[in-house]
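Listed here are the chains, written in short residue letters.
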Amino acid sequence: MKIVRFSFMAVAALMLLASCGNKAGRSSTTGWDYNNPEWGGFEVSNEGEQGTAPGLVFIEGGSFVMGHVTEDTRYKWDNVAHTVTVSSFYIDECEVNNRQYREFVYWMNRAYGEEYSEKVRAIYPDTAAWRDRLAWRESFVEHYFQSPSYDEYPVVGVSWEQATKFCTWRTDRLNEKVLVDRGILMLDQENIGSNAFQTDVYLAGRYEGETRQGLEDLNPSAGGEERQVRKTDGILYPYYRLPTEAEWEFAALGLIGNTYDERVVEHKTYPWAGQSLRSANKKYYGQFLANFKRSRGDAMGIAGNLNDGWDYTCPVKWYFPNDYGLYNMAGNVSEWCMDVYRKVVNPRGGEDVDPFRGNIYRTYDVDEDGEVLIGEDGMIAYKEAPADYNRRNYRQANNVNYLDGDRASNLGTDGWQPANAGDGEGEEDAEEAGYEEEESESEDEESVDAVSEDDMWTNNMYRRKSDNQKEAPSSSMVNNKVRVVKGGSWRDRAYYLQSSTRRFYDQDKGTAWIGFRCAMDRLGSRTK
């Protein structure tokens, strides 16, 4: 009887899915045919689930405890344990290596080197980052990025900004290949410089490369002409990007190998199970599981009995992967995350699903006729999305400082209209509520004005009168131009191998101990 009932329920569920997700044939809403010019030509894609792009590993999301679960021995209190949910996503199996980044530099040089050489100079790694005033490392300065001996080693000396540009380039090359493989675009090696394929330019309808065979436009008014690929076709991949801090930590922990019946059996400290830095496997018993610095002066062990085996970096596919199949999520090099750094990782009122600090919403910049603007180099022009104080979910494009001292966001949370909204009422509301505008004690107004908002830890223009504080704006090491760095490196002690530890570094600078790996959104189903 139970079997019959189950079968009936299964059939009913399948019928429901078929009626709600009918991709081919006829609309369940209007009864009109899909993909039929005689019935209006509304197109429905028959593409399946998102495929896995090159180099990526699928990470099934879920809830986890982010932050310190062991003693915070340095008493930084910058990642207090809190529960968040991370959506399913993709992340690189390994750190980006020298060969992959050299491919990026080569392509950019071939495409832009003659006309826009500054673009190539802007992405070249800082090889001098290896230098130390009291150490001999000129061999790394000269050979680490160039020599094939280091092809499989992680690229270093790359800033956050350069890593972001690599993600954009990688996206464009992937989507260009997809369109070429499908016979939509011609593979033309002369499409360089301003004619080079770029995903956002193509989707904006401004790509001028040669099309082999476009898709048939089923709109009756199109007269049977061809059209380019749209997002609704499901052919193009989402953008490669850097992982958020929450995604990185979730992927590093690899809790899928440490759970039973929706329970975490033992919260991991490192990307592997247990509290030891050495392998418990009989075959590899006692060997270190990551590349790090055991103590001052001990970077690799004693000759004839090396501990982790590497003085500096090691190949990106070294040591055992974690339960997601990811290599070197602890040690080797630390890695850039997408987030702007703040000491409080999840402020009161902050989001607990896919948390991220650093949102600056953009839109196309257009001319007076509504045409998307393209620069001389072929790059699309963007601008910040206009402020909209009638919205409930956000009011301004730049939300980096939200709930962290930003005047507009803090006042807006309490229902006040910020003073920069244009009608001047925000200042009166703030005054009535007990806030006053700060005045500088400095007589040199220029020195105060020279400190930009981006260079301040907070840019709160109002304080409670009861605080009796009147201070000139001051700069800080922690500002809107520093990004989160996760994972220990070859030069770090074991403390930094914990998945929960976090640091920050200037987004426009590279160093010999920071590398990166790319991530990508998962569209559709959260399982695979």
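Please refer to the structure placed before this passage.
Predicted model only: the values in this text are computed from it and were never measured.

(A) Structural context of the overall build of the protein chain. The helix and strand inventory of the protein chain stands at 10 helices and 20 strands. Taking all 528 residues of the protein chain together, the buried fraction comes to 43%. Contacts in the protein chain between residues far apart in sequence, at least 24 positions, make up 67% of those at least 6 positions apart. Roughly 29,200 Å² of accessible area belongs to the protein chain as shown, and the carbon and sulfur atoms make up 48% of that amount.

(B) Representation of the pairing of strand β3 (residues 82-86) in the model. Only one face of β3 is covered, namely the one carrying His-82, Val-84 and Val-86; the face carrying Thr-83 and Thr-85 has none of its residues buried. As paired elements, strand β2 (residues 62-66) and β3 share 5 bridges and run antiparallel to each other. Across the sheet, residue Val-65 finds its bridge partner in β3, namely Thr-83.

(C) Local environment of the sheet that holds strand β17 (residues 482-486). As summarised here, the arrangement of the 4 strands in space is β18-β17-β12-β19, forming an open sheet in which the pairing is mixed. Taken across any chain shown, the strands that pair with only one partner, and hence form the sheet edges, are β18 (502-506) and β19 (514-515). The pairing of β17 with β18 spans 5 bridges and is classified as antiparallel. Within β18, the position partnered with Val-482 by the bridge is Asp-506.

(D) Structural view of the pattern of salt bridges. In total, this model carries 28 salt bridges according to the counting rule given. A salt bridge links Arg-294 to Asp-298, with the shortest nitrogen-to-oxygen separation between them at 2.8 Å. The class for Arg-294 is partly exposed, based on a relative accessible area of 40%. Relative accessible area serves as the criterion here: at 14%, Asp-298 is assigned to the buried category.

(E) Quick look at the sheet that holds strand β1 (residues 56-59). Reading across from one edge, β1-β4-β20-β7 is the order of the 4 strands in this open sheet, with antiparallel pairing throughout. Edge strands, defined here as strands with exactly one partner in the open sheet, are β1 and β7 (240-241). Note: β7 against strand β20 (residues 519-521), 2 bridges, orientation antiparallel. The residue of β20 that forms the bridge with Arg-241 is Ala-519. Relative to strand β4 (residues 89-92), helix α7 (residues 245-253) is tilted by about 75°, and along the sheet it contacts β1, β4 and β7.

(F) The arrangement of helix α5 (residues 160-181) in detail. Between its first and last C-alpha, α5 extends 32 Å over 22 residues, near the 32 Å set by a 1.5 Å rise per residue. Burial analysis of α5 places 16 of its 22 residues in the buried class, the great majority of the element. Positive phi appears at Gly-183, one or two residues downstream of α5, with a value of about 75°.

Cut-offs used in this document
Residues numbered from 1 in each chain as written. Predicted model: local features only at pLDDT ≥ 70, side-chain atom pairs only at ≥ 80, totals over all residues. Heavy atoms only, no water. Helix = DSSP H or I, 4+ residues; strand = E, 2+ residues; numbered from the N terminus. Buried < 20%, exposed > 50% of the residue type's maximum accessible area, 1.4 Å probe, protein only. Contact = heavy atoms within 4.5 Å. Areas by Shrake-Rupley, 256 points an atom, 1.4 Å probe, with all protein chains shown as cover. Pairing = 2+ DSSP bridges. Salt bridge = Lys/Arg side-chain N within 4 Å of Asp/Glu carboxyl O. Axes fitted to C-alpha atoms, helices over the stretch in contact; angles between N-to-C directions. Expected span 1.5 Å × (residues − 1).

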